[in-house]
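Per-entry structural report
Letter by letter, the chains look like this.
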Amino acid sequence: MSPVRIDTAHEQTNLLYRCLHDSPPETAVRAEGAYLWLDDGRKILDACAGAAVASIGHGDPRVIAAVAKQMSQLSYHHTSRLTNPAAEALGHKLVGHRPGGLSHAVFLSSGSEANESAIKLARQYFVEIGEPQREHIISRNNSYHGNSIGCVSLTGIPSRRAHFKPLLMPNTSRVSPCYAYRYKREGEADADYAERCADELEQEIVRVGEGRVAAFFAETVVGASAGNIVPVPGYFQAIRRVCDKYGVLLVLDEVMCGMGRTGKMHCWEWEGVAPDIQTIGKGLNGGYQALSAVLISERVIAGLRQGSGSFANGQTFQCHPSAAAAGLAVMNIFETDDVLQNCMERGAELRAALEDALGEHPHVGEIRGRGLFLSLEFVADKATKATYPADLPLAALLNDAIFECGVLVYSGFGKGTADGVRGDHILLSPPLTITSAQVAEIVAGVKAGVEDVFARPLVRAALARAEPWC
């Protein structure tokens, strides 16, 4: 996705579009299941569920009815004094069984709000337990954590930081991602690579100063910024050991990769660790209302209890009743419709079909991901992993071509897959309820779009300017 740009090319609108230098965006007028309909009558398969949002598909009448019922009973209240049954029930559904030691939830309206709140919560925890010197947060390169200033401070994408550098939080730093395709050494075992990444985190903690780092933030599976980077086995276990050694909170951002997207409710369930704080959103609400959450461990809650007894973070739409009703309805559908199992089965089908259709393509470097959260990374040279030149908008070209084939994919931030500046990918995150026939439809559209783009003279000529990868 491009940053919002201002132009006068489309003067009929009063909306500030994400990109106004080119043609205005198409207009969607209806959606049902896995499909969107445009105002010109075209039917598009939503192979990214918006941005990994429409987890149960569009227009489910059960969620619509739940939201309408809640709106007719209680549309809003402030949480300074009151609570509501829908938020209480959703909290119980998510953490009433103490998954991984998570015991409490606070509901907000966006992933950025959730991650900003997690930053504040990590800091406040240490103030409450008498360690106010812990004011530093470490995150990773090739990461994205949201649009607020705190979230951009943790984000490892140069283009997202550039305009706001003077405003960013000073007490932050970043370490390398666990990105085996690009950074694992030749002949290096997964276990050794995982330990090398963990050693880098430990060295950064020591550099900052023992007792000064509050938290380590990471996406369990990296999403839009670098295209579904799955950690090697043992990575998060090694990271957890380092965090525990130095008393650092582990905060996992699962706004995009959580809530069933990888075939388990929480992405960290694959890793054999649990976070101290977790953020979720997107698939939690399926796009029916604006809803995100911070899930909090008993350890952190105990710290608040022994101190002030409150989290200094109240927001106007916190625990909104109709948003909570939507989330509760979506989570109930996960159970009644066996959504996680469908995700696992269709995800395996999609991965296999992509490998069959494009695995040997000379410019498909890697097909990766987990469940129904998959990406294709593109390269100029498959053997050397050289990238296309940074000035070629390859991901955007692919996005457009695949869209013309009737399939909507997600092209991340346009460039920067490999190192934040270079590299291209497209991301697939369709509704978790898709069918086998729709999997085939997605692959057909992606294959046709890829073959179209790489046959174009502009793209073929760009090979002469390929950028080496060392």
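Scroll up to find the structure this text is about.
The sections below set out a description of the structure shown in this document. Everything numeric here is computed off the predicted structure, so don't read it as measured data. (Residues numbered from 1 in each chain as written. Predicted model: local features only at pLDDT ≥ 70, side-chain atom pairs only at ≥ 80, totals over all residues. Heavy atoms only, no water.)

Direction vectors running N to C along helix α8 (residues 190-208) and helix α9 (residues 235-246) enclose 25°, while the axes themselves pass 8 Å from each other. When the axis of α8 is compared with that of α9, the two are roughly parallel. Crossing of α8 over α9 shows right-handed handedness. Contact residues: Ala 194, Glu 195, Cys 197, Ala 198, Leu 201, Glu 202, Ile 205 and Val 206 in α8; Tyr 235, Ala 238, Ile 239, Arg 241, Val 242, Cys 243, Lys 245 and Tyr 246 in α9. Of the residues assigned to the contact of α8 with α9, the class counts are twelve nonpolar, no polar and four charged. (Axes fitted to C-alpha atoms, helices over the stretch in contact; angles between N-to-C directions. Helix = DSSP H or I, 4+ residues; strand = E, 2+ residues; numbered from the N terminus. Parallel < 35°, antiparallel > 145°, perpendicular 65-115°, else oblique. Left-handed = near helix turned anticlockwise from the far one by under 90°. Contact = heavy atoms within 4.5 Å. Nonpolar A, V, L, I, M, F, W, Y, C, P; charged D, E, K, R; others polar.)

Below, the discussion takes up a nonpolar patch on the surface. A contiguous nonpolar surface patch, about 270 Å² in accessible area, is contributed by Ile 149, Phe 164 and Leu 167. You can see Ile 149 is positioned in helix α5 (residues 149-154). By relative accessible area, Ile 149 is classed as partly exposed at 33%. (Patch = residues over 30% accessible without salt bridge, like charges linked within 9 Å, V, L, I, M, F, W, Y side chains within 5 Å. Areas by Shrake-Rupley, 256 points an atom, 1.4 Å probe, with all protein chains shown as cover. Salt bridge = Lys/Arg side-chain N within 4 Å of Asp/Glu carboxyl O. Buried < 20%, exposed > 50% of the residue type's maximum accessible area, 1.4 Å probe, protein only.)

Grouped together as the largest cluster of nonpolar side chains are 100 residues, with contacts concentrated most on Leu 94 and Phe 216. Examining the composition of this core, we find that ten residues originate from one element, helix α11 (residues 321-336), more than from any other. Beyond its immediate chain neighbours, meaning those up to four positions away, Phe 216 contacts Ile 138, Ser 139, Arg 140, Val 175, Leu 201, Tyr 235, Ile 239, Cys 243, Val 248, Leu 249, Leu 250 and Val 251. Among the nonpolar cores identified, the runner-up in size contains 22 residues, and Ala 122, Ala 215, Ile 301 and Leu 304 belong to it. (Core = buried A, V, L, I, M, F, W, Y, C linked by side-chain atoms within 4.5 Å.)

What follows is about helix α4 (residues 111-128). Look at α4: 25 Å from first C-alpha to last across 18 residues, which is about the 26 Å you get at 1.5 Å a residue. Here α4 lies mainly inside the structure; 13 of its 18 residues are buried. (Expected span 1.5 Å × (residues − 1).)

So, on to the pattern of salt bridges. Across all of its chains, the model carries 29 salt bridges by this definition. Where Asp 60 meets Arg 62, a salt bridge forms, and the shortest distance between an N and an O atom there is 2.9 Å. Residue class for Arg 62 comes out partly exposed when judged on its relative accessible area of 40%. Note that Arg 241 is salt-bridged to Glu 195, the shortest N-O span being 2.7 Å. Of this pair, Arg 241 sits in helix α9 while Glu 195 sits in helix α8, and the two are 46 residues apart along the sequence. For Arg 241, a relative accessible area of 48% corresponds to the partly exposed category. Assessed through its relative accessible area of 34%, Glu 195 is described here as partly exposed. What emerges from the salt-bridge pattern is a single network uniting Arg 182, Glu 366, Arg 368 and Glu 377.

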